[in-house]
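Here's the letter readout for the chains.
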Number of protein chains: 2
Amino acid sequence: MGTALQKTIQQLRSENREYFQIALSVDCVIFGFDENELKVLLIKSDLEEFNDQWSLLGDLVSPDENLDSASYRVLKERTGLDDVYLEQVYTFGDVNRHPAGRVITTAWYSLINVKDHQLDLAHNELHWHPVTEITTLAFDHKKILDTCLKQLQSKIDEHPIVFNLLPEKFSLRELQSLYESILGTKLDRRNFRKKFFLMDWLIDVNELEQDVPHRPGKLYRFNAARFSNGKVKLEEAVH
Amino acid sequence: MGTALQKTIQQLRSENREYFQIALSVDCVIFGFDENELKVLLIKSDLEEFNDQWSLLGDLVSPDENLDSASYRVLKERTGLDDVYLEQVYTFGDVNRHPAGRVITTAWYSLINVKDHQLDLAHNELHWHPVTEITTLAFDHKKILDTCLKQLQSKIDEHPIVFNLLPEKFSLRELQSLYESILGTKLDRRNFRKKFFLMDWLIDVNELEQDVPHRPGKLYRFNAARFSNGKVKLEEAVH
DNA sequence: GCAAAAGTGTTTTGCGTACACCCATGC
DNA sequence: GCATGGGTGTACGCAAAACACTTTTGC
C-alpha cells in the first residue's frame, strides 16, 4: 500500500535538513572513593566564559559515533580505564544551556576505583573534588551532578554496584563508609554487617587489614559469581 | 588568567562546526488503560521502509525548541491534551538507528486517561494497542517501549502516578486491575485494599458503580491534596 | 437461588531498627 | 593500660503475604 502520503527516506532527509543542526555531547560524572569520601573528577573549564569554574568531563559526540561509545571514549581518554561501570541518567536539552549553540547533553555516571589508575592530575587540570564541597560548576553541570548522585543513591540499595568504587579487597568498615558517603547518612554497624552477610554479596578472603592503628578487620571481596550479566543467580540465592 | 589555552565561545563554535549535524527527536510512549488492559497509542509509520509497521508518536526537535517542550508538543498535537503526566526515560543514540541519517531520540512515557479525549483515530491512523500484544515496531521502538514499561513498573510502587490513567472516580477493582496490567502479575485483593487504605491515597466519594451485573463497588478518587508538587505532606502523612 | 464480585480480619513470617558488651591490636 | 575500632546477639515493631467466609446486587 505505498500511498502518496508515505515518504521515502530521501524525501524525509531533504525535507528536514534544517533539523540536522544540533550538537550532542556526553557528560560523565566520574565518582571515586578516596580518604573516606565520595569524590567527583572535574576539569578546569576551557571556556573563557567559565574561567576558574570546574566542569564535568565531557565531549561532543561525532556524527558517526554511537552515543554510548562516546561516553566510554571520554572515560578512556580521561582516566585510561576500559571496562568501567557506566550508566546513562538523563538528557538535558534546554535551548540555552550551552553558550556555543544548540548542544544537548546526555549525562552518565561512572564508578571507578581510584587506586586502579594514576591520573596525571596537574597536567590535565583534573582534580578529585569531594561531592559535599561542590557548590557551583560550569554550564548546568551542578544540576547534572545532583541528578546523577540521586540516581546513584537509589540504585545502590538493590544493586551491587558500589564494588566498582573499591579495591579488590576491602574491609567492612570501608564498605560501610562508602555507603554512608553516597547516602549522606550514618548507618548502624551491626545491622550493616548482618545485612551484607545475609545478602551473600561478600566473600571472606581470610586476610586482615595491614598497618591500621587498631585491631585489624577482615578483608572481603565482592562475590561476583553470584551475579552473571548483572542478574542474580536465583538457584544460589535461594540457599 | 585568560591563557592561550582557553577558548572563546566563537572559537569553540567555529572549530566544532562539523558536530552540529545531528538531528534530535522525541518519542512518546503514551499509555492508556481501557477494557482492563494497558494500551499504547501507536501510529502507522509514514516511511515506505516501514510500511505496515506501527511506531511510537514522535517528532523532530527544532533547533530552537527545548527538549521537554518538544515532548509536550507531540502530546498536545496527537492527543489534544495539555497538562499530561510525562517523564523522560532514556536516550537512544546508535548511529544507524534511523534510516534518514543521524537522529538520536529521547524517549518519554506519558500516562493519560483515555476517556478524557476523543481521538480521531481512523483519520490519523492512530490506534490503541494492548502492550501484551505488541511484538514488533518500526525503528528501535520496541526496545524503547520495553524500556519505558520497565521504568513505569518500578515507579508505581512508590509514586502515585497511576491515577493519571484513570477517570476521576474509579473502583478499587479498576485500580487493582490497572496495577496488575502494568506489572503483569496477579495481586491479592484484600492485601491490595488494605495497603491502599493505609497509604491514604484514596478518598471515598460515597458513590457506587452503575450498571454492573453484580454487587456494585464503592467509588474513590485520588487524594491529590496529600501530595503537593509531587511531595508528600509529611505532617499529614504522620497521622 | 445462583452467579459474580464486594467487602472484611487474623495469623504468620521476615526484615529493618534499636541497642550494649567484650575482643584484638597498636601505641 | 588505654584508645580505637572489630566483632557479636537479642528484642521489638511493622509491613508483606497467606488465607476463607459473608454480603450485596443483577438476573
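Please read all numbers here as calculations on a predicted model, not as lab measurements.

Q: With reference to specific residues and values, describe the interface of chain B and chain A.
A: Listed as interface residues are 48 residues of chain B and, on the opposing side, 48 residues of chain A. Summing both sides of the interface, chain B and chain A together bury roughly 4,400 Å²; the carbon and sulfur share of this comes to 57%. Contact with chain A buries area across many residues of chain B, yet B:Phe20, B:Ile22 and B:Pro63 alone supply 15% of it, more than any other trio. Applying the counting rule to chain B against chain A returns zero salt bridges. Applying the counting rule to chain B against chain A returns 20 residue pairs in polar contact (both at pLDDT 80 or more). Elements supplying a minimum of two residues to the side of chain B that touches chain A: α1 (9–15), β1 (23–34), α2 (67–79), β5 (85–92) and β6 (103–111) of chain B. Take the side of chain B that touches chain A: its biggest share by element is four residues, from β6(B). Its residues placed into classes, the side of chain B that touches chain A shows 21 nonpolar, 15 polar and 12 charged.

Q: Would you mind going over the relation of the copies chain B and chain A in detail, with residue names and values included?
A: Put simply, the two copies of the chain differ by a rotation about an axis and a shift along that axis. Rotating chain B by 179° and translating it 0.0 Å along the rotation axis places it on chain A, where the RMSD comes to 0.1 Å. Taken together, these values place the two copies in the relation of a two-fold axis. By residue overlap, the copies meet face to face through one surface: 100% of the interface positions of chain B are interface positions in chain A.

Q: Residues and numbers for the layout of surface pockets, please.
A: Estimates place the volume of the largest pocket at around 2,300 Å³. If you go around the largest pocket, you meet 46 residues; those closest to its centre are A:Glu87, A:Gln151, A:Lys155, B:Gln151 and B:Ser154. Breaking the lining of the largest pocket down by element, the ones donating at least two residues are α2 (67–79), β5 (85–92) and α4 (141–155) of chain A together with β5 and α4 (141–155) of chain B. Tallying contributions element by element places β5(A) first for the lining of the largest pocket, with seven residues. Classifying every residue of the lining of the largest pocket gives 15 nonpolar, 15 polar and 16 charged.

Cut-offs and rules
In this convention, every chain numbers its residues from 1, walking through the sequence in written order. Numbering of ligands from 1 and lettering of chains from A proceed in the order in which they are written. Predicted model: local features are reported for residues with pLDDT of at least 70 only, side-chain atom pairs are reported and counted for 80 or more only, and whole-chain, interface and lining totals are derived from all residues. Where side-chain values are given, they derive from all heavy atoms of the structure, hydrogens and water being excluded. Every residue pair with non-hydrogen atoms within 4.5 Å of one another is taken to be in contact. What counts as buried area is the accessible surface, traced by a 1.4 Å probe, that two parts surrender upon association, with contributions from both included. For this analysis, a salt bridge means a side-chain nitrogen from Lys or Arg found within 4 Å of a carboxyl oxygen belonging to Asp or Glu. We define a polar contact as two N or O atoms separated by no more than 3.5 Å, with the added condition that, inside protein, one atom must be a possible hydrogen donor and the other a possible acceptor, whereas residues neighbouring each other in sequence contribute only through side-chain atom pairs. Comment: elements are numbered from the N terminus, with helices defined as DSSP H or I runs of at least four residues and strands as E runs of at least two. When residues are sorted by character, Ala, Val, Leu, Ile, Met, Phe, Trp, Tyr, Cys and Pro go into the nonpolar class, Asp, Glu, Lys and Arg into the charged class, and all the rest, Gly among them, into the polar class. Least-squares superposition aligns the copies on the C-alpha atoms of those residues with pLDDT at or above 70 in both. Cavities and pockets are found on a 1 Å grid laid over the protein atoms alone: a cavity is a set of points where a 1.4 Å probe fits but cannot escape, a pocket is an open set with protein on both sides within 12 Å along at least five of seven lines, and a lining residue has an atom within 4 Å of such a point. Grid points are joined across faces, edges and corners, and a volume is the space filled by probe spheres set on the points.

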